[in-house]
Structures are given as C-alpha cells and as structure tokens.
Amino acid sequence: MHIVESIFMKLFRKVVGVSCFFRTATALVLIGLFSSICWADDPFGNSTLAPNKDDMIKDMAFDQVNWKRPQGVFTWITMATGYDTPWDSLGRPGWMTTGDAYVEPVNPGVSEFPLDTQMFYIVFEAQPLDAPGQFAAAWFRMKDGQVTSNTPVGKDVIELEMNQRSGYFLISKPPEGWEPGKYQVKIFYGSPGQALHAVNVIGTMEFTIKG
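I will try to describe carefully the structure that is included in this document. (Residues numbered from 1 in each chain as written. Predicted model: local features only at pLDDT ≥ 70, side-chain atom pairs only at ≥ 80, totals over all residues. Heavy atoms only, no water.)

## A word on the pattern of salt bridges
Applying the stated rule across the entire model yields five salt bridges. Note that D63 is salt-bridged to R69, the shortest N-O span being 3.4 Å. For R69, a relative accessible area of 41% corresponds to the partly exposed category. With a closest N to O distance of 3.5 Å, E179 and R141 form a salt bridge. Within this pair, whereas E179 is found in the loop between β9 (166–172) and β10 (181–190), its partner R141 is found in strand β6 (residues 133–143), the two being separated by 38 residues in sequence. For E179, a relative accessible area of 46% translates into the label partly exposed. Here R141 falls in the partly exposed class, since its relative accessible area comes to 25%. (Salt bridge = Lys/Arg side-chain N within 4 Å of Asp/Glu carboxyl O. Buried < 20%, exposed > 50% of the residue type's maximum accessible area, 1.4 Å probe, protein only. Helix = DSSP H or I, 4+ residues; strand = E, 2+ residues; numbered from the N terminus.)

As structure tokens, then:
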C-alpha cells in the first residue's frame, strides 16, 4: 500500500508541479484536521445506532434502583431531575477541571417524567481514567420492550480528561415533543474523536414519559 501511495505522489508532483503540490498537500492536511474536529463533535456513524440483540441489552442494563454502586466504568450513574456543583466549573457545567471536584444529582433514581418535561439528566462519576475518555448517550423509543428504530430521539456527547471524573448527559425534549411511553438510553465509551458503534455500548438505561 505504501509503495502504491509513493508512486502516486511522485506522479502527482510531476503533473501539478512542486509548488502546486505543496499547496494542495497543505490544503488536504488542513481539511483532514478540520474534518477530525467536526467528527469529534458527533462521533456517531451511520451504523452506530443499530439495535443490539435483546439478550445483550438485558445483560448490559444498569441498576437504576441501586445506582450508588459501581457499575462498569462508573463509580455511580443515575437519572436525575437536575444537578449541583460545589463551585463554577470551566466550559460546560459539570466538566470539572480539578481532581476533587464533583457533580451531585438532584432527585436521583427517578425514571418517570411528565409529558411536559423539557430536560432531565444522567449524572455520573467515572472510575479513574488512564487516558482521556469520550462518553456518549443516545436514546430511542421502545415498543413492546424493544428498540424499534435505528434513529435516536436524541444524543449527547462529552469528553473527560484524565483528572476529570464527574459529568452528565442532558436528555432534552425533542423538537416535535415527547411521545408517551418507554425509552431506552444507550451509553457509549471510547477515545476522544473515535467513531462510536454498537461495540462501544457499555450499558443501557430506561425511562418513561407519562402521558
């Protein structure tokens, strides 16, 4: 593969000229960099959100009642109506920048919400990270206990540095409004900028919108 690329680049130089070659190469590098930055903002690919098999989903469900216990990469994780922070943080609220900072859930353990709910949260504390991590959530409508569509109702992505452990996902009301019924949230984990697919799912949660 490298030999083919080398031959192609030599031919390309001869055709376009040296100066034009460097201008083009520079432009391609810049395009690649900006493409990577944009991709990091929304790491979900076209095949990312395909429903997992039902048996896998059951095995990956987080305990939403005993939410204080460690589960997977989380020291704890819970749905909540809000969150508190001990002081102002930099960047997005909840993205802590000091090792001893934290986020506290408000009304934790809740999983049912009225139809007019504008937003609620999935608040968590991660286990210590050995490298920066990307966490993401995507939520789907359910029918008869199963996810029926690959298209999420909504999604949220955050990144934590090695010294950051606390954060939250914001679950917001869709533009067309909530449909009463059950929803499943898939939680993803990967490296910052990495495309997230079904293999990156590390757990699931459920909530109900009451009509």
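## A word on the pairing of strand β1 (residues 74–80)
A large share of β1 lies buried, amounting to seven of its seven residues. In this structure, β1 lies alongside strand β5 (residues 119–126), joined through six bridges in antiparallel fashion. Bridge assignment links I77 to a residue of β5, and that residue is F124. (Pairing = 2+ DSSP bridges.)

## Here's the deal with the nonpolar core
Note on soluble globular proteins: their nonpolar side chains tend to be buried together. Judged by nonpolar contacts, the single largest core of 25 residues is most densely connected at I122, F124, F135, F169, V185 and F207. If you list the elements that add at least two residues to this core, you get β1, β5, β6, β8 (154–160), β9, β10 and β11 (201–210). In terms of residue count, β5 provides more of this core than any other element does, four residues in total. Residues contacting F135, with those up to four places away along its chain left out, are V73, F74, F124, A126, L129, D156, V157, I158, L160, F169, F188 and Y189. Counting residues in hydrophobic clusters, the runner-up holds eleven residues, among them A136, A138, M142 and V201. (Core = buried A, V, L, I, M, F, W, Y, C linked by side-chain atoms within 4.5 Å. Contact = heavy atoms within 4.5 Å.)

## Details of the packing of aromatic side chains
Scanning the entire structure with this criterion turns up 17 aromatic pairs. Consider the rings of F113 and F207, whose centres lie 6.3 Å apart with planes at 80°: the pair is edge-to-face. One end of the pair, F113, is in strand β4 (residues 112–114); the other, F207, is in strand β11, with 94 residues separating them in the sequence. Both residues of the pair, F113 and F207, belong to the buried class. Here F124 and F169 contribute two aromatic rings whose centre-to-centre distance is 5.4 Å and whose plane-to-plane angle is 40°, an arrangement assigned as tilted. You can see F124 sitting in strand β5 and its partner F169 sitting in strand β9, a full 45 residues away along the chain. With respect to burial, F124 and F169 carry one shared label: buried. An aromatic cluster is defined as three or more aromatic residues linked by ring pairs; in this entry it consists of F62, F74, F124, F135, F169 and Y189. Here the basic side chain of R141 rests over the ring of Y183, its NZ or CZ set 5.2 Å away from the ring centre. Sitting over the face of the ring of F140, K186 holds its NZ or CZ atom 5.3 Å from the ring centroid. (Phe/Tyr/Trp six-rings, centres within 6.5 Å; stacked < 30°, edge-to-face > 60°. Lys NZ or Arg CZ within 6 Å of the ring centre and 35° of its normal.)

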